[in-house]
Structure formats: C-alpha cells, structure tokens
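Listed below, chain by chain, are the residues.
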Amino acid sequence: MKALVLAGGSGTRLRPITYTSAKQLVPVANKPVLFYGLEAIRDAGITAVGIVVGDTEPEIRSAVGSGRDFGLDVTYIKQSSPLGLAHAVLTAREFLGEDDFVMYLGDNFIVGGITALVQEFRVARPDAHIMLTAVADPRQFGVAELDGAGQLVGLEEKPEQPKSDLALVGVYLFTPSVHEAIAGLVPSARGELEITEAIQWLLAHGRKVSSTIISGYWKDTGNVADMLEVNRVVLESAEPAMAGLVDAASELIGRVVVGAGARISGSRIVGPAIIGAGTEITDSYVGPFTSVAAGCVIADSEIEYSIVLAGASIRGVRRIEASLIGHHVEVTPAPKVPKAHRLVLGDHSKVQISS
C-alpha cells in the first residue's frame, strides 16, 4: 500500500503567512503540520509516499528531503496547478500504479493517527473508504448523505443546501478502481476535478464505498483560528522538558518545554507552552497554549494562545493573544506622539485596532 500526500495549493486563507511559506509547513507546537501526517502514515506501516507539490516545491523538498528521517521513501510529484483532489490522483497515476493507497491532505490534522483505519481497509478492501465528521458549517466541505442504515448514498462538494452535517475528513483510502472513476470526470463548476464526484461514480456503478464517522479530533488547518486550535490540542499532551537556562527570578508553571540554548530571565511561563531552541525571553509573560519557535526574542511583553514563528521579536508590547506571528517579524510599540497608527500591510491582511 502507498500513500499520496497533497502538499500543493496556495493557502489563501492563511495569507499573508503563505505568501512566503507553504501552508503545510506552518508549525503547531513547533513542528510543521505536514510532519504529523507523515508520521501517521509511517505509523500505519506505509513507507512508499508520493508528495504532490506545486509552487512551494522547493520548501517542501527542503523540509522533508528523501523522507529517510521519517522512515519513508518519498517521491515528489509536480502538479501543474491545483485543479482538484482527483486531478492530484490523476497526476500521480504513474507513481500509484496498481497499488491500493491512502490519500492524505497535508494540511489536515487527526488526533490518533490512521493506523486502525488502514488496518481495517486492508482486511475489508472496499473500493473506497472515507472518514466523516460532523461540522458546524458543512457548506465549506464535501458533504456525505447516509441512508437510514448508515450506508453512504451520495456525496456533494461544497453544497449550498447540504443534505447532512457530515463532512469528509482529509483522508481517503482507495483501490485502483478509483482511476477508472477519475478517467471519466470533467471539471466542476469550480474548474476542478472533484474527488467527491469520483466517489459518487463508484457508488453509481455498484462499487463498494464504506465510511467511518470519527468522534476524535480533526481539523483542516486552513485558517488562523484552526491553526491556533490545533496548537492548543497538541500542547495539551506536551510533556515538560528542560534543555535551556531559566534564572531564579523566573517561574515556570505547568507543562512547559524549553528548547536547547533557550534563555528565560525574569519571566513567567504558564503551560502548556513550548519555547524553541535559542529563544530569549526577558521580563515577560508567556501564557498557556503558546508556541514560540527557535531564535525568537520576547522582551518586556505579554503573549498567550499564539504561535510565533522562527526569528520573530516582540519587545515592549502588552498584550498579544490569539495571534499568528510570522518568520522574522518585529513587533514593537507605536510612538506615543503623534497619536496615529502607522501600518505596512500586505494583501489580504486583517488588522484589529483598539483606539
């Protein structure tokens, strides 16, 4: 069995972060989201992995490499344009061959992994197996319709009038029969080859499609709110670790991870939180559910429930919360006089000002 990991796409909902970084590499608990998926695939006993990449291919290649560090053998597959999940499968046809495969969206996060799911698929071997979960707004997802016996009877991609609240989770399992379904697809109204239409084709042609409604945690980390929520969930299970230096004037409360070479002085860190290697925190407060990456500086400031990426500096600021701060960003107080806001904002930025 092989795995196909989708790591293309432009990540428009995470702009401006994704103007300069692949959305699959934005970290939660100081580890890229993509890495959690690769580890789940490895733990399920799958080693042959094809990663579908787009414009951010150099970044993905640099981060993942050959896959050896994950115990995987990785092949990179270039997709000309993000034209749908089924198009990604079509692009990977040569790599997939006649093998069964799991398709995993690289920006999705599933607590508990996929090992049990893969084992069940290998035994029962339906033509396709999908994972479903109830969501508040199914219009943003592929939506499943089940009959009274809980059997899948239909799928629709991002419907205006959803027939249920059951959304497709970003993990799919297929036998080679899905290639026949995809071969007959035409672009949808969105201009994409929809995997939901391929699965619908299998249903219409009497093929076996099974589903599992998951009760565990799943998130599509496509926007800042979801990134912060996944960061919270991962930090909930963090084990305290100390590899840096903390002076006597500082206080660490709860589950706090301090990376190698990090220095904390005159500060209060309330876990769960993670402080990256080489980061310096001085006369500051870092609250729960905060991940600070390597090489950052936080001085005379307060921050909680946030993600701070590598090389960022925050000085003299009170108070920051529910924020995603990019690589090498500098956050400082505004001049007190004149009383005006001075902004340099990229496209699609969102700013909240209290004044």
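Preceding this section is the structure that the text describes.
My aim in this report is to walk through the structure given alongside it, one point at a time. What you see is a predicted model, and the numbers here were worked out from it, not measured in a lab. (Residues numbered from 1 in each chain as written. Predicted model: local features only at pLDDT ≥ 70, side-chain atom pairs only at ≥ 80, totals over all residues. Heavy atoms only, no water.)

1. A closer look at the overall build of the protein chain
Then, number 1: In terms of regular secondary structure, the protein chain is built from eight helices and 30 strands.
Then, number 2: Taken over C-alpha atoms, the radius of gyration comes to 22 Å for the protein chain, in line with the 20 Å a tight globule of 355 residues would show.
Then, number 3: The principal-axis extents of the C-alpha atoms in the protein chain amount to approximately 70 × 45 × 40 Å.
Then, number 4: Considering the protein chain as a whole, with its 355 residues, one finds that 50% of them fall into the buried category.
Then, number 5: Taking the intrachain contacts of the protein chain between residues at least 6 apart in sequence as the baseline, contacts between residues at least 24 apart amount to 50%.
Then, number 6: Within the structure as shown, the protein chain displays about 16,600 Å² of accessible surface, and the carbon and sulfur contribution to it stands at 50%.
Then, number 7: Of note, the protein chain has its 30 positive side-chain charges centred 4 Å away from the centre of its 40 negative side-chain charges. (Helix = DSSP H or I, 4+ residues; strand = E, 2+ residues; numbered from the N terminus. Rg over C-alpha atoms; globule rule 2.2 N^0.38 Å. Buried < 20%, exposed > 50% of the residue type's maximum accessible area, 1.4 Å probe, protein only. Contact = heavy atoms within 4.5 Å. Areas by Shrake-Rupley, 256 points an atom, 1.4 Å probe, with all protein chains shown as cover. Lys, Arg positive; Asp, Glu negative; His and termini not counted. Charge placed at Lys NZ, Arg CZ, Asp CG, Glu CD.)

2. Quick word on the pairing of strand β8 (residues 128-134)
When a strand is regular, its side chains alternate between the sheet's two faces.
Then, number 1: With six of seven residues buried, β8 lies mostly within the body of the structure.
Then, number 2: Across six bridges, β8 lies against strand β11 (residues 166-174) in antiparallel orientation. Paired with threonine 133 across the two strands is alanine 167, which belongs to β11. (Pairing = 2+ DSSP bridges.)

3. Quick look at the packing of aromatic side chains
Then, number 1: Counted according to the given criterion, the structure contains five aromatic pairs.
Then, number 2: Their ring planes at 75° and their centres at 4.9 Å tell us that phenylalanine 35 and phenylalanine 70 sit as a pair that is edge-to-face. Taken together, the residues span a long stretch of sequence, with phenylalanine 35 in helix α1 (residues 33-43) and phenylalanine 70 in the loop between α2 (57-64) and β5 (73-78) at a distance of 35 residues.
Then, number 3: When the centroid spacing of 6.2 Å and the interplanar angle of 5° are considered together, the rings of tyrosine 172 and phenylalanine 174 count as stacked.
Then, number 4: Residue classification places tyrosine 172 among the buried positions, given a relative accessible area of 5%.
Then, number 5: Taken together, the ring pairs in this structure connect Phe101, Tyr172 and Phe174 into an aromatic cluster.
Then, number 6: In this structure, lysine 2 packs its charged tip against the face of phenylalanine 95, placed 4.9 Å from the ring centre.
Then, number 7: In this structure, lysine 31 is placed above the aromatic ring of tyrosine 36, and the distance from its NZ or CZ to the ring centre is 4.4 Å. (Phe/Tyr/Trp six-rings, centres within 6.5 Å; stacked < 30°, edge-to-face > 60°. Lys NZ or Arg CZ within 6 Å of the ring centre and 35° of its normal.)

Read these as spatial facts, not as claims about activity.
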